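# Per-entry structural report
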Amino acid sequence: MKKFTFTLMAFVTLMVACSQETVEQAEADPIEDGEAVVAEEGNGEEEAEQQEFNEDLPNISILATGGTIAGSGSVGTNTTDYQAGDIAIEALIEAVPEMTEIANINGEQIVNIGSPDITNEHLLTLGNRINELLATDDVDGIVVTHGTDTMEETAYFLNLVVKSDKPVVLVGAMRPATAMSADGPLNLYNAVLVAGHEESVGRGTLVSFNDRIASARHVTKTDTTAVDTFVATEEGYLGRIVGGVPHYYTEITKSHTTETPFDISDLEELPQVDIIYGHQNNDPYMLDAAVENGAEGIIFAGPGNGSMSSVMQEAAMDIMEEGMPIVRTSRVGNGTVSHKDDYLTADSLNPHKARILLMLALTVTDDEEEIQEYYDSY
């Protein structure tokens, strides 16, 4: 296998020079035509030499969804003003040839967008594709490239719906591929390293970022622009990567993946669940608007221990009497919301992860005791 050496400038040039035809193909939403774009290797003189299969290496599939890791800007010093999801999976793989020394790599472009544009339909497509791949003997692990803004939501969704013990690792970047000191290449290399490591098996969906390894259940984005944005502030990281080797130090105790009842294989859509933010002078019209616009469940992100104003509580009780679940969470960022009479509470899940779980719970049951057990368990 030919070994490649890339300077920073060569990497940037490769990103910018990604063919327009490939980018346009990647930006088209594959959900509309039901097909994922598969990365092809060795089809042109300018492409990286096709990797020779090595039976001693794990087989890792990289599923790309876009985000900053696939972003490009006009100059190398630009780290905040850029086009997310502008570079296709082929170029990402070619830019990190060292990955072929640790795994047999295959790439697919699921979608190429910024993560705020990820929809429930994208989640279902991604989850089903991962389950399809992991059900074969040809794939030992999955890496998902993803934008950081909503990465933890997708990661937690996969933590609940993947039906395999094989590793699934989400990765992204805080700086676009064209930036000086872009963090994407090393993050991607490390994610492949984690996905192919035997000690990653059975730990649920993971997030590999900035040399750390975190559980999808606990990790959250904590800084708008810093490269060390992903932190599990209370529960801590599961491990870290040192000298090119993953080291695990803690276990995930919450149930996940094969231990959950959530089967998305026949789902065409997920229930609508909305998040209502609590604050001073709260008026319940947002609750009413959610109900009027088709919500089947509501997450309330309250101050402190998920508290509500008296007028909000009155409106919420009326809604719950009609059979709609309202789950109380906290906007604080840390801590566990204690159980409250007549309300569901989300344990230590933040509001956006609580939304993911309620959507899936409603595909299984409308019994509030069962839903509360899900929040206590997952």
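This write-up is about the structure you can find in this document. (Residues numbered from 1 in each chain as written. Predicted model: local features only at pLDDT ≥ 70, side-chain atom pairs only at ≥ 80, totals over all residues. Heavy atoms only, no water.)

### Some remarks on the pairing of strand E10 (residues 239–242)
Where burial is concerned, the two faces of E10 differ: the one with Gly-239 and Ile-241 is buried and the one with Arg-240 and Val-242 is not. Relative to strand E11 (residues 245–248), E10 is paired through four bridges, and the arrangement is antiparallel. Considered in E11, the bridge of Gly-239 is made with Tyr-248. Taking the residues that link successive antiparallel strands as the turn, the E10-E11 hairpin has two residues, and the phi of Gly-243 there is positive, at about 60°. (Buried < 20%, exposed > 50% of the residue type's maximum accessible area, 1.4 Å probe, protein only. Helix = DSSP H or I, 4+ residues; strand = E, 2+ residues; numbered from the N terminus. Pairing = 2+ DSSP bridges.)

### Side note on the environment of Ala-70
Mapped onto the elements of the fold, Ala-70 is located in the loop between strand E2 (59–66) and helix H3 (89–95). If near-sequence neighbours (up to four positions away) are discounted, Ala-70 is found in contact with Gln-83, Ala-84, Gly-85, Asp-86, Ile-87, Leu-92 and Asn-112. (Contact = heavy atoms within 4.5 Å.)

### Section: the sheet that holds strand E12 (residues 273–277)
Here four strands make up an open sheet; going across it, the order is E12-E13-E14-E15 and the pairing parallel. Either end of the sheet is taken by a strand with one partner, and the two such strands are E12 and strand E15 (344–345). Across five bridges, E12 lies against strand E13 (residues 297–302) in parallel orientation. Residue pairing across strands places Ile-275 opposite Ile-299, the latter belonging to E13.

### Side note on the pattern of salt bridges
If you walk through the whole model with that rule in mind, you get six salt bridges. Across the salt bridge formed by Arg-129 and Glu-108, the nearest N and O atoms sit 2.4 Å from each other. Taken together, the residues Arg-129 in helix H4 (residues 120–134) and Glu-108 in strand E3 (residues 104–113) connect sequence positions 21 residues apart. For Arg-129, a relative accessible area of 21% corresponds to the partly exposed category. Since its relative accessible area comes to 2%, Glu-108 is described here as buried. Measuring nitrogen to oxygen at the nearest pair gives 3.0 Å for the salt bridge that ties Arg-129 to Glu-132. Within this pair, Arg-129 and its partner Glu-132 are both found in helix H4, separated by three residues, close to a single helical turn. (Salt bridge = Lys/Arg side-chain N within 4 Å of Asp/Glu carboxyl O.)

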